[in-house]
Amino acid sequence: MDENRWLTDLKERADQTIFRDVQFTASMEERVRQRVRPRTGWMTGWKKLSLPGVVLIMGLLLWFGLPTKEEGQSAQQETQIPSLLPGGQIVEADLWKLSPSLSSIYGNQSFSYLGEKPVRIMTDQDGFYEGQTQRVIWLLNGEYAPEVEIAAYNTDGTRLALGSYEVMDPLYDADGHFPSGIVLPEPGKWKLEVRSGGKHLGQVFVEVKKGIAPANRQLVGPIIQQYLETESDQLGWLGKHREINVELLGVEAPDAAKRTVYAWVKITGSNSSALSAPMAFQIVYNGNDYRVTNFKMPEDGSNYQSSLQKLFPPKVLEQINNRSKAK
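In this report, the structure presented in the accompanying data block is examined.

1. Description of the pairing of strand β3 (residues 119–123)
Here's step 1: For β3, a buried count of four out of five residues is recorded, marking the element as mostly surrounded by other parts of the structure.
Here's step 2: Between strand β2 (residues 109–116) and the antiparallel strand that follows it, β3, lie two residues.

Structure (structure tokens):
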């Protein structure tokens, strides 16, 4: 039997064994040829005895010549390991985990709060919104000075001093408490920290949301609607009968007594008169209720863009520009 015929027969027999799914490449074939070529003389006489041995040789060549599944996976994993940290992956620790919202009962009264002793806060369930005052009651436990300081930090490293406060009597299960108003300017995670005698006492982590707080939306919407129905100095040309639509774009509430409200207003008046424009409203608490004290809108013509820049902050300008592009 010649060498080529013998190899063909060998492949056919291998296909009937566990090697049927293995691809027999040209390089593997040449290695088998080199292994059996010096013995072709006795192969013709002892082919029945030696053929299993040759199959075993071919199997070993295939076994050691092919990468195992585990080796392939290991090589793939190695390519995913960052060079900065050999043998592992970079994982950022979550140091700004939001404080849990919990409830407790004290003296048959239920109360809810954020955080854990020694520093907790009680606040509106809707939470914090960008640029709008949030009323907070602080609950303190443990040892602290008669006066404490509070500050806010965000994940970008911004620090805001929120003032000093005198700690008052116990409240619920807290040893002391004090109220405050807080305005956080940007959405995201913030740490509210209490310091006593220059030393860290504790902190609460909160989430500041984008947009307008539900309480502010409910407050200013009807006030603006009522004002636009009767305003005559600048809107008298629209007539007395007006259909009004107010789309709130933003609210700035630096304290409880003042609001600056940005809105897109559409008014359809008498005699087919109409107005559609962004407006900025000043709302002030006068001791009895909140009222609009003034409003402004951009000028017409060539001064329109420059007056927009003066009246509206960047976040509101972006909404106004998006409305213009959508038309």
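2. Notes on the nonpolar core
Here's step 1: Counting residues in each nonpolar core, the largest one holds 22 residues, and the members touching the most others are Ile 224, Leu 228, Val 261 and Phe 281.
Here's step 2: Those elements that provide at least two residues to this core are α5 (214–230), β11 (243–255), β12 (258–268), β13 (274–285) and β14 (290–296).
Here's step 3: It is β13 that provides the largest number of residues to this core, a total of five residues.
Here's step 4: Filtering out sequence-adjacent residues up to four positions away, Ile 224 remains in contact with Val 246, Leu 248, Val 261, Phe 281, Ile 283 and Val 292.
Here's step 5: With 21 residues, the next largest nonpolar core counts Ala 152, Val 167, Leu 184 and Leu 192 among its residues.

3. Looking at α5
Here's step 1: For α5, spanning 17 residues, the distance from its first C-alpha to its last is 26 Å, which sits close to the expected 24 Å at 1.5 Å a residue.
Here's step 2: Listed in full, the buried residues belonging to α5 are Asn 216, Val 220, Gly 221, Ile 223, Ile 224 and Leu 228.

4. Re the pairing of strand β6 (residues 147–154)
Two faces belong to every sheet, and in a regular strand the side chains alternate between them.
Here's step 1: Here β6 pairs with strand β7 (residues 159–166) via six bridges, running antiparallel. Residue pairing across strands places Ala 151 opposite Ala 161, the latter belonging to β7.
Here's step 2: The hairpin turn running from β6 into β7, its antiparallel successor, is four residues long, and Gly 157 in that turn takes a positive phi close to 95 degrees.
Here's step 3: In this structure, β6 lies alongside strand β9 (residues 188–196), joined through seven bridges in antiparallel fashion. By the bridge assignment, Ala 152 is partnered in β9 with Leu 192.

5. Concerning the environment of Leu 140
Here's step 1: Summarising the element assignment, Leu 140 is placed in strand β5 (residues 134–140).
Here's step 2: A relative accessible area of 0% means that Leu 140 is categorised as buried.
Here's step 3: Sequence separation of Leu 140 and Glu 116 is 24 residues, and the distance between their C-alpha atoms is 9.7 Å.
Here's step 4: Apart from the residues lying within four places of it in its own chain, the contact partners of Leu 140 are Pro 118, Val 119, Val 148, Val 167, Ala 174, Asp 175, Gly 176, Phe 178, Val 194 and Leu 201.

6. Overview of the side chain of Ser 180
Here's step 1: Among the secondary structure elements, Ser 180 is positioned in strand β8 (residues 176–182).
Here's step 2: A polar side-chain atom of Ser 180 sits 2.8 Å from a polar atom in the side chain of Trp 138.
Here's step 3: Each residue touching Ser 180, except ones within four places of it in the same chain, is listed here: Gln 134, Arg 135, Val 136, Trp 138, Ile 150 and Tyr 165.

7. Some words on the sheet that holds β14
Here's step 1: Read from one edge of the open sheet, four strands run β11-β12-β13-β14, paired in antiparallel fashion. Two strands bound the open sheet, and with one partner strand each, they are β11 and β14. Within the sheet, the average angular offset between the axes of one strand and its neighbour, ignoring direction, is 25 degrees.
Here's step 2: Where β11 and β12 come together, 10 bridges link them in antiparallel fashion. By the bridge assignment, Glu 247 is partnered in β12 with Trp 264.
Here's step 3: Where α5 meets the sheet, its contacts fall on β11, β12, β13 and β14, and the angle it forms with β11 comes to roughly 130 degrees.

Cut-off values and rules
Residues numbered from 1 in each chain as written. Predicted model: local features only at pLDDT ≥ 70, side-chain atom pairs only at ≥ 80, totals over all residues. Heavy atoms only, no water. Buried < 20%, exposed > 50% of the residue type's maximum accessible area, 1.4 Å probe, protein only. Helix = DSSP H or I, 4+ residues; strand = E, 2+ residues; numbered from the N terminus. Pairing = 2+ DSSP bridges. Core = buried A, V, L, I, M, F, W, Y, C linked by side-chain atoms within 4.5 Å. Contact = heavy atoms within 4.5 Å. Expected span 1.5 Å × (residues − 1). Polar contact = N/O pair within 3.5 Å; in protein donor to acceptor, adjacent residues only side chain to side chain. Axes fitted to C-alpha atoms, helices over the stretch in contact; angles between N-to-C directions.

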